[in-house]
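# Architecture and fold: a report
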Amino acid sequence: MDASVVGIRLASAVVTPLIKKLLRAEGAGAGLIDRPQRISSYVSWREKRGLDAADLRTLADRLVREALRAPGERPLPPGEEAGVAAALAVTLHALGDLTLSDVEAVRLGPAAFARRLRAAAPATGLSRDAGLFHDRLVDLACLHIVNLTRP
């Protein structure tokens, strides 16, 4: 199947708890702050008690695994799961480098925010299908991040 036409459909009940782990619990959420905050200020690995690189990789592995369990034709060739998860962890880590505010991320919308995040991360080096699958996961993560950090 052509991976460019494959969407990733995962229940919010599966994705939201995973994406919430990326964010500081006390900082995210509507109405908790009265001025724009940088997206990088939300990420939990910026604090000693937050995620470390291994936790981020575990979270990326879980997102890949859950996406592959979704009904439909497999969007990723066998054997490329680990590469996608590693690239996804690196891309999600780039959240800590974004200078974008939460208000700017919401104004951009999830798709444009995802493009900015991918641009801030190093190149993935993935095959075409794996790269498209990675991009869909980043899009999905950004949709949830925008909703969770909405000022």
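Residues numbered from 1 in each chain as written. Predicted model: local features only at pLDDT ≥ 70, side-chain atom pairs only at ≥ 80, totals over all residues. Heavy atoms only, no water.

In this section: helix H3 (residues 81-93). With 13 residues, H3 extends 18 Å from end C-alpha to end C-alpha; this agrees with the ideal 18 Å at 1.5 Å per step. Within H3, the full set of buried residues consists of Val84, Ala85, Ala87, Leu88, Ala89, Thr91 and Leu92. (Helix = DSSP H or I, 4+ residues; strand = E, 2+ residues; numbered from the N terminus. Expected span 1.5 Å × (residues − 1). Buried < 20%, exposed > 50% of the residue type's maximum accessible area, 1.4 Å probe, protein only.)

Examined against the element boundaries, threonine 91 turns out to sit in helix H3. Excluding anything up to four places from it in sequence, threonine 91 contacts Leu117, Arg118, Ala121, His134 and Val138. (Contact = heavy atoms within 4.5 Å.)

If you trace the backbone, alanine 85 turns up in helix H3. Relative accessible area serves as the criterion here: at 1%, alanine 85 is assigned to the buried category. Along the chain, alanine 85 and leucine 137 lie 52 residues apart, while their C-alpha atoms are 9.7 Å from each other. Dropping the residues within four chain positions of it, alanine 85 is found in contact with Arg57, Ala60, Asp61 and Val64.

Let's shift gears to the confidence of the model for the protein chain. Averaged over the protein chain, the pLDDT score is 79; the fraction of residues at 70 or greater is 72%. The lowest-confidence element of the protein chain is helix H1 (residues 12-20), averaging 74 in pLDDT; the highest-confidence one is H3, averaging 96. Across residues 1-7, where pLDDT falls below 50, the model places 10 contacts with residues more than four positions away in sequence or in other chains. (pLDDT = per-residue confidence, 0-100.)

Below, the discussion takes up the nonpolar core. In terms of nonpolar packing, the biggest core is built from 37 residues, with Leu22, Leu92 and Phe113 touching the most fellow members. Every element with two or more residues in this core is listed here: H1, helix H2 (53-69), H3, helix H5 (110-120) and helix H6 (128-149). Ranked by residues supplied to this core, first place goes to H6 with 10 residues. (Core = buried A, V, L, I, M, F, W, Y, C linked by side-chain atoms within 4.5 Å.)

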